[in-house]
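Structural characterization, general
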Amino acid sequence: MHREIEIKFRVTNLRELARKLPAAGFRLKTPRTHEMNTLYDLPGHVLRNRRELLRLREYGKSWKVTHKSGGKISRHSSRTELETGVTDGEKMDLILRALGYSPSFRYEKFRAEWTDGKGQVVVDHTPIGDFCEIEGKPRWIDAAAKKLGVKPEDYITKNYATLFAEWKEESGSAAEEMTFRVIKRSAFDIDN
């Protein structure tokens, strides 16, 4: 089992961040790629009530199914993560539905992945704004954040479903999923 430890932070200027990453020793691992995520749950929100997540992710042309549990929030978000590749995402969706799971939330983004060989930094362009995630060991996360000019008080330990719920409340939006089509924000409109 893998323990995922990460933080997010809001990005106000994507171009500036794109300049800081190589200067901080990161190299581009995966260029900006479309990602669609579907969370599944049982009737009565069994997984959500247990603070667990079951996700089917389409990233470019690849698919993964992921289960996260045992969430612990301190300065960093930390959860147990089980993940494996799937060759046919549409069949995996049918399998999950046959087992009684149904989609509970969809969210999409455009993601670029960076690494320095010790951890990973991802830059996400989402319908509700731009975010960066830093994933690795806690000390490395803090050192990478510092190199990028991010202070601990700027750390976000919430997942995208929670950030979306907060955005809905702040904006008054009736959107039920965090997709560009639903939120009507162009996937290619980068304000920076």
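Check the entry above for the structure.
Residues numbered from 1 in each chain as written. Predicted model: local features only at pLDDT ≥ 70, side-chain atom pairs only at ≥ 80, totals over all residues. Heavy atoms only, no water.

A few words now on the packing of aromatic side chains. Scanning the entire structure with this criterion turns up seven aromatic pairs. Ring geometry for Tyr107 versus Tyr160: centroids 5.9 Å apart, planes at 35°, classification tilted. One end of the pair, Tyr107, is in strand β6 (residues 102–115); the other, Tyr160, is in helix α5 (residues 160–171), with 53 residues separating them in the sequence. Taking the relative accessible area as the measure of exposure, Tyr107 reaches 5% and is therefore buried. On the basis of an interplanar angle of 20° and a centroid distance of 5.9 Å, the ring pair of Phe164 and Trp167 is categorised as stacked. (Phe/Tyr/Trp six-rings, centres within 6.5 Å; stacked < 30°, edge-to-face > 60°. Helix = DSSP H or I, 4+ residues; strand = E, 2+ residues; numbered from the N terminus. Buried < 20%, exposed > 50% of the residue type's maximum accessible area, 1.4 Å probe, protein only.)

Scanning the entire structure with this criterion turns up 21 salt bridges. Of the charged contacts, one joins Lys109 and Asp124 as a salt bridge, the two residues approaching to 3.6 Å between their closest N and O atoms. Taken together, the positions of Lys109 in strand β6 and Asp124 in strand β7 (residues 120–126) put the pair 15 residues apart, joining distant regions of the chain. Judged by relative accessible area, Lys109 falls into the buried class, the value being 1%. In this structure Asp124 comes out as buried when scored by relative accessible area, which is 0%. For Lys158, the salt bridge identified is with Glu166, shortest N-O distance 2.7 Å. Glu166 sits in the partly exposed class, given a relative accessible area of 30%. (Salt bridge = Lys/Arg side-chain N within 4 Å of Asp/Glu carboxyl O.)

What follows covers helix α1 (residues 14–23). Those residues of α1 not exposed but buried are Leu14, Leu17 and Leu21. Buried residues along α1 cover an arc of 55° about the axis, so they all sit on one side. Those residues of α1 that are exposed and angled more than 90 degrees off the buried face are Arg15, Arg19 and Ala23. Buried residues along α1 sit against β1 (2–11), β6, β7 and β8 (129–135). Where α1 begins, one side-chain oxygen reaches toward the backbone nitrogen of Arg15, 3.1 Å away; that side chain belongs to Asn13. Phi for Gly25, located one or two positions after α1, is positive at around 95°. (Arc of directions from axis to C-beta. Contact = heavy atoms within 4.5 Å. Polar contact = N/O pair within 3.5 Å; in protein donor to acceptor, adjacent residues only side chain to side chain.)

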